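# Examination of the molecular architecture
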Amino acid sequence: MAKVTDYLDPKDLARLANHQVLAKRVVEGFCSGLHRSPHKGFSVEFKQHRQYVHGDEIRHLDWKVYGKSDRFYIREYEEETNLRCNILLDASGSMAYEGTRTEGRSKLHYASRLAACLSYMILRQTDSVGLITFDVKSRKILPPRGQAAHVRNLIDVLEDTTPGGETDLGAVFHELVPKLKRRGLVIIISDCFGDLDSVMKGLAHFRHAKHDVVIFQIWDPDELDFPFRQWTRFDCLEIDEKQHTVDPVHLREAYLENLENYREKFTQGCHRNRIDLVPMTTDQPYAEALSYYLALRKRGGPPSRK
Amino acid sequence: MTFLNGILVFGAAAFVIPLVIHIINRSRFNIQPWGAMHLLESVLRVNRRRVQLEQIILLIIRCAIPILLALCLAQMVVTQQSTFLNLIVLPLVALGFLVLVALFPSFKKLFWSLCAACLLYALAAETGVIPSSDEDKSSSSKDLPASTVILLDDSFSMRVEGSFEVAREFSSGFLKQMKKGSQASVVRMGGAVAPIFDTPTRETEYLAKKSSELNATSDSIDVFQSIDKANDIVMEGENVKREIILVSDFRKADWEQVSESLTKLKESLQDQTLKPVLTLIDVGRESQGNLSVETIQVEPSLVGVGQEVKVRANVLNRNEDESSVFQDYEVRLLVNDKEVQRKKKSTDKLNPLVSGKLEEVSFNYKFEQAGSSVVTVELIPNGVNLDNALIFDDRKSVEVSALDRLGVLLVNGEPSDEFLEGETDFLKLALTPFKETDPKEPLQTKDFIDATEVELSTFDPSLHLQNQSVVVLANVKSLNDNQVDALGAFVRNGGGLWVCLGDQVDADWYNETLGSEQNGLLPLPLSNEIKGSETDDTKHTLIVASNFDHPALAIFNDKRNGNLADADIMKWHLLDETDTHRARAATVVARLETDAPWLVEKKMGKGVIIQMATSIDEEWTMMPTKNFYLPLVREITNYVIEQVNPKRNLPAGATLIHYLPGTQAESSITVTLPDNSSYEVKTAPFGSQAVVEFSNTRMPGTYVMSGKEMEPVKFVVNASAEESRLERISEEEIREKTDAILGFETYYVDASAKESSSGYEEKDSALGKYLEMDNERSFLGERMWLYLLAAILALVILELILQRIFGRVKA
């Protein structure tokens, strides 16, 4: 059984302590909370006090508590909606890539930790989080829950996830949209390799279902700068028979150009669908990238691309 | 297409290096599991063929560079334009189109077609499917630097009417006018073929100076050996224009010899594609006739001090006109260049010299002192010398070593107190007849053979072998090991051993010890059978006295000296010839009528062994009672001694050899040549002795070896009598010989006409005529190194550029 600290590094969590994962669009939830709900609730049953953080509306401040304790607390009510967040983790073969500069950590390793971290943050702000792992289709679906102990279930699923199989993001997205009945935040952690048109259609499907979609696109540095010099046989991680023996020096420029095109088109597609695309490289500490992104998101700025 | 430096063509095999590197690179690839295959695959889909093509192009260029470099270094010479076009130019052009295919893919069909067309055309033309032009690649001779070998005839015959001066003038003039980049070598042909410098030189001015110092002082030439040598030298030349210039007087005698070198020359010319041209410069002069001393002979061959010897000389009138008779002449005898006798027509009734008929003139002479002397016979024609074109051959010399003592040790195996009953008594009498007949009388003819008799029981090698030249073992039963070892060393160091058999002989000991492989002192083993009978006449036999080829018995070809078949042979040891290995090493000199060997010879080390199947006394044969006995034993003894003494009358080019006591090893000996120049030669140890060798004997005449602790030794090097034959060979005959035998392209320049004193112009000289001829000819083949070098540079630059361009692959 995996330890929680294997996935959640206290240092990273400390760094992200002041951040919240907020939905930018109106999402549906069972409870009223941080996020704007399309349902107008009458129940004003008090649920709990929560410490004020920067950005909270001042009108929710409990001035009585302030008067007693001289501290800012927010009153939270049951009917305030909470966020239902689904993390979609790509566990296809291509995520098994271990680069030459990442000390044996695969892209899936990186993605799992990112997923765990996000889940923890979401649960911490009393929203509910679910996890779906997939390759050509969904493998394991862990429905969103709001209990703090849910993180344990999530980590167990992450632990059991091994990379393998092909990717068909478009098909997986189409399959999942009907399963996510309520509008919410969909976080896709994937390298997004595959037919770009099919992927964009899948993403558009999510948007059509009024989900707020964020894509964390995981890259290995090798995939971005193609550093190979000697004759190399590239064995496909997804299909065993697929092998190409080439002189990488001759192909490097073309590859990089091809990569640039792909990323350009993908970024444009995401932009068109108002999806946040957060590219991350496995040699970069995810907490750093995540905190940068979350801060930016809170300010309502555009998604960054590093 | 051929190569001036053919061996370097194999360097083209270096093309495998880039190929191997490429294959190794391909086979030693890294394995990389890869996720972003969709990005790679789309690149590969577009570029795979293109990358493959580019890699093939780079590989072809990298392989072509070492091939072209090897061709360049091997100095490729193209004889036919079409070959160069098909094998070099068109493939390179095809490569160019292939590069264009890679660079401009939009026109790739066009460039592919052009590339294929070039290759197909080259292939078809080279295999003869398409007739290609057979235009030869040739260059005008006068514009080309040349690799030339001048064969200069410096034999005596070139002295006729200043032929050699013309040859020398031509040679130095030719060398001075040679083009920059030319190489030349001057080879003297007379006597032994000798180049002035070992290798061809570009310093033609210096070579011209050297060749102008030469003189015609050598023996006759071997034309084909000289051409062979010149061919060897000229084939090392670095120029396309390769020429052998033979400057000679073209005497018939020189061209009639068909030597082994002709066969060798034919063989070496067989595979030679770029044959040199042969230019013959005839500088010979017609002559009326020539008188010469043809031969000189001293009899007997071993000369003792005080012994009267006969010097016979043959003189000849070599006038081509058969009716020519030369009347008035004198002949004189010189010993060590001092006149000792002279014969005149008036007093000595010398016969007139009829053309083509040998006339013998003989002198009697006694040597008063022991040592090496040179005996010369000189013919002095009186009156007009028009009939005597060559003066050098009017005298001929021979070296004579007069001996005051010649030690012969007779080991008596069956001594007896009674006169003539001992085994060696007859032999000693025959070897020293004058001493034995009347020892008290003062000798008129000195008996220079000093025969010492020793009984077998008292034979002590350390004592008795001192100062002996020949040892005779007469009916010796056996010897002890010490004696055998001493005899072995004696023979190997140049002693003569004469083994006579008899009834005392222990055949087993002879076969096992004396004739053992280690000692080898018995030419043929003895079979244990003694043939014949002393009493039964029917079992007697005779020596087969037919014509003797062997010099030891040649004297008996003249029956006046006795007939070997006169003496009955009663008993004899049967010599075993069945061991072919041993029989090959031995020569049977004479046989008995039963076909059994009688006299056998074997050479060992520097010495010689004679084996006689019978006894030397009268016990087994009647020989001692016959008149041939004395000449027989003396001739055998003389023969043995002659064999063990190095020859001192030699043909030109032979090596002078002289043995000295071992104490003189590593000492310095001076050799004085006929022209009075001298060389210092070091003696080398040779067994227990020291040996001096001197090979530079191209010049006929007297050579003297002298040193600190030695008497001067004289050697006579004789010019061939053929040099006196001055008949000339015609141009047609020369052409016939050179064309038919050698297949050379031959040019003939006739400079034999005497230059008239008036109206002489430079163009009439031999060189002028040669240059006039040279202006009109052209040479097959063109050196291609410059074009190849340019192609290599272009390929290197192209490779660098393409490597950069091909890195940029389209997405």
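The following paragraphs examine the structure supplied in this document. (Residues numbered from 1 in each chain as written. Chains lettered and ligands numbered in written order. Predicted model: local features only at pLDDT ≥ 70, side-chain atom pairs only at ≥ 80, totals over all residues. Heavy atoms only, no water.)

## Quick notes on the overall build of chain B
Counting its regular elements, chain B contains 20 helices and 39 strands. Counting over 811 residues, chain B shows a buried share of 51%. The long-range share in chain B, meaning contacts at least 24 apart out of those at least 6 apart in sequence, stands at 75%. Accessible area for chain B stands at about 37400 Å²; split by element, carbon and sulfur atoms hold 51% of it. (Helix = DSSP H or I, 4+ residues; strand = E, 2+ residues; numbered from the N terminus. Buried < 20%, exposed > 50% of the residue type's maximum accessible area, 1.4 Å probe, protein only. Contact = heavy atoms within 4.5 Å. Areas by Shrake-Rupley, 256 points an atom, 1.4 Å probe, with all protein chains shown as cover.)

## Structural notes on the interface of chain B and chain A
With 29 residues of chain B at the interface, the matching set in chain A holds 32 residues. Together chain B and chain A conceal approximately 3000 Å² of surface at their shared face, both sides included; 66% is due to carbon and sulfur atoms. When the buried area of chain B at its contact with chain A is split by residue, Gln32, Trp34 and Leu39 of chain B rank highest and sum to 22% of it. Between Lys242 of chain A and Glu41 of chain B there is a salt bridge, and its shortest N-O distance comes to 3.2 Å. Here the side of chain B that touches chain A takes 13 residues from helix α2 (residues 37-73) of chain B, the largest share from any one element. Residue composition of the side of chain B that touches chain A, grouped by class: 14 nonpolar, 9 polar and 6 charged. (Buried area = accessible area lost by both parts, 1.4 Å probe. Salt bridge = Lys/Arg side-chain N within 4 Å of Asp/Glu carboxyl O. Nonpolar A, V, L, I, M, F, W, Y, C, P; charged D, E, K, R; others polar.)

## Here we look at the state of the cysteines
Residues and elements named next belong to chain B. Scanning all chains against the criterion turns up 0 disulfides over all chains. This cysteine, Cys115, is not joined by any disulfide, and Cys118 carries the nearest cysteine sulfur, 6.9 Å off. Residue classification places Cys115 among the buried residues on the basis of a relative accessible area of 6%. (Disulfide = S-S within 2.5 Å.)

## So, the side chain of Thr83 of chain B
Within the fold, Thr83 of chain B resides in helix α3 (residues 81-103). The residues contacting Thr83 of chain B, other than those within four sequence positions of it, are Met1, Ile88 and Glu126 of chain B.

## Points about the pattern of salt bridges
Residue and element names in this part refer to chain B. On inspection of all chains with the given rule, the structure shows 32 salt bridges over all chains. Put simply, Arg342 and Glu330 hold a salt bridge, and the shortest N to O gap is 2.3 Å. You can see Arg342 sitting in strand β15 (residues 338-344) and its partner Glu330 sitting in strand β14 (residues 329-335), a full 12 residues away along the chain. With a relative accessible area of 33%, Arg342 lands in the partly exposed category. A salt bridge links Glu399 to Arg648, with the shortest nitrogen-to-oxygen separation between them at 3.4 Å. Separated by 249 residues along the polypeptide, Glu399 in strand β19 (residues 395-403) and Arg648 in the loop between α17 (629-644) and β29 (649-651) bring together distant segments of the chain. Arg648 matches Glu399 in its accessibility class, with the two residues each being buried. Ionic contacts of the salt-bridge type, sharing partners, join the residues Glu330, Arg332, Asp337, Glu339, Arg342, Glu378 and Arg395 into one network.

## Quick look at the sheet that holds strand β5 (residues 138-145) of chain A
All names here are of chain A. Strand order in this open sheet of 6 strands is β5-β4-β3-β6-β7-β10, and the pairing throughout is mixed. Since the sheet does not close on itself, it has two edges, and those belong to β5 and β10 (276-281), each with one partner. Averaged over all pairs of adjacent strands, the angle between strand axes in this sheet comes to 15°, irrespective of strand direction. Here helix α4 (residues 107-124) sits on the sheet in contact with β3 (84-90), β4 (128-134), β5, β6 (185-190), β7 (212-219) and β10, set at roughly 175° to β3. The strands that helix α9 (residues 248-272) touches are β7 and β10; relative to β7, the one it contacts most, it runs at about 165°. (Pairing = 2+ DSSP bridges. Axes fitted to C-alpha atoms, helices over the stretch in contact; angles between N-to-C directions.)

## Let's talk about the sheet that holds strand β10 (residues 291-299) of chain B
Residue and element names in this part refer to chain B. Read across the open sheet, the 3 strands follow the order β10-β12-β17; overall the sheet is antiparallel. Each end of this open sheet is capped by a strand with a single partner; those strands are β10 and β17 (359-366). Ignoring which end each strand starts from, the neighbouring axes of this sheet average 20° apart. With 8 bridges connecting them, β10 and strand β12 (residues 308-317) associate as antiparallel partners. Note on β12: the bridge partner recorded for Glu299 is Lys310.

## Side note on a negative patch on the surface
Together, Asp417, Glu418, Glu421, Glu453, Glu455 and Glu618 of chain B make up a region of like negative charge exposed at the surface. One can find Glu418 of chain B in the loop between β20 (406-412) and α11 (425-431). (Patch = residues over 30% accessible without salt bridge, like charges linked within 9 Å, V, L, I, M, F, W, Y side chains within 5 Å. Lys, Arg positive; Asp, Glu negative; His and termini not counted. Charge placed at Lys NZ, Arg CZ, Asp CG, Glu CD.)

## Thoughts on the packing of aromatic side chains
All names here are of chain B. Under the definition given, this model contains 32 aromatic pairs over all chains. When the ring of Phe170 is compared with that of Tyr770, the centres are 5.8 Å apart and the planes differ by 75°; the resulting orientation is edge-to-face. Remark: Tyr770 occurs in helix α19 (residues 766-775) and Phe170 occurs in helix α5 (residues 163-176); sequence separation between them is 600 residues. Neither Phe170 nor Tyr770 differs from the other in exposure class; each is buried. One residue, Lys343, lies across the ring of Phe363, its end atom 5.0 Å from the ring centre. (Phe/Tyr/Trp six-rings, centres within 6.5 Å; stacked < 30°, edge-to-face > 60°. Lys NZ or Arg CZ within 6 Å of the ring centre and 35° of its normal.)

## Digging into the packing of α3 of chain B against helix α4 (residues 108-127) of chain B
All names here are of chain B. Two numbers describe how α3 lies on α4: the axes approach to 8 Å, and their chain directions differ by 165°. Taken together, α3 and α4 sit at an angle that is classed as roughly antiparallel. When you trace α3 past α4, the crossing you get is left-handed. Of α4, the residues touching α3 (which contributes Thr83, Asn86, Leu87, Leu90, Pro91, Val93, Ala94, Phe97, Leu98, Leu100 and Val101) are Lys108, Phe111, Trp112, Leu114, Cys115, Cys118, Leu119, Tyr121, Ala122, Ala125 and Glu126. Its residues placed into classes, the contact of α3 with α4 shows 18 nonpolar, 2 polar and 2 charged. (Parallel < 35°, antiparallel > 145°, perpendicular 65-115°, else oblique. Left-handed = near helix turned anticlockwise from the far one by under 90°.)

## Side note on α9 of chain A
Residues and elements named next belong to chain A. Taking 1.5 Å of rise per residue, 25 residues should cover 36 Å, and α9 covers 34 Å from first to last C-alpha, within 8% of that figure. Along α9, the sharpest change in direction is near 25° and occurs at Ala254. Listing the buried residues of α9 in full gives Pro248, His250, Leu251, Ala254, Tyr255, Asn258, Leu259, Tyr262, Arg263, Phe266, Gly269 and Cys270. Trailing α9 by a residue or two, Arg274 shows a phi angle of about 50°, which is positive. (Expected span 1.5 Å × (residues − 1). Bend = angle between axes of the 7 residues up to and from the residue.)

## Overview of a nonpolar patch on the surface
Residues and elements named next belong to chain B. Together, Phe15, Val16, Ile17, Val20, Ile21, Ile24 and Ile67 make up a nonpolar patch on the protein surface, roughly 530 Å² of accessible area in all. Of all the elements, helix α1 (residues 16-27) adds the most residues to the nonpolar patch, at 5 residues. Among the structural elements, Ile21 can be located in helix α1.

## Here we look at the nonpolar core
Trp498, Tyr510, Leu564 and Trp598 of chain B are the most contacted members of the largest nonpolar core, which totals 77 residues. The element that contributes the greatest number of residues to this core is α17 of chain B, accounting for 7 residues. Ranked by size, the runner-up nonpolar core spans 44 residues in total, among them Tyr97 and Ala254 of chain A together with Trp34 and Ala36 of chain B. (Core = buried A, V, L, I, M, F, W, Y, C linked by side-chain atoms within 4.5 Å.)

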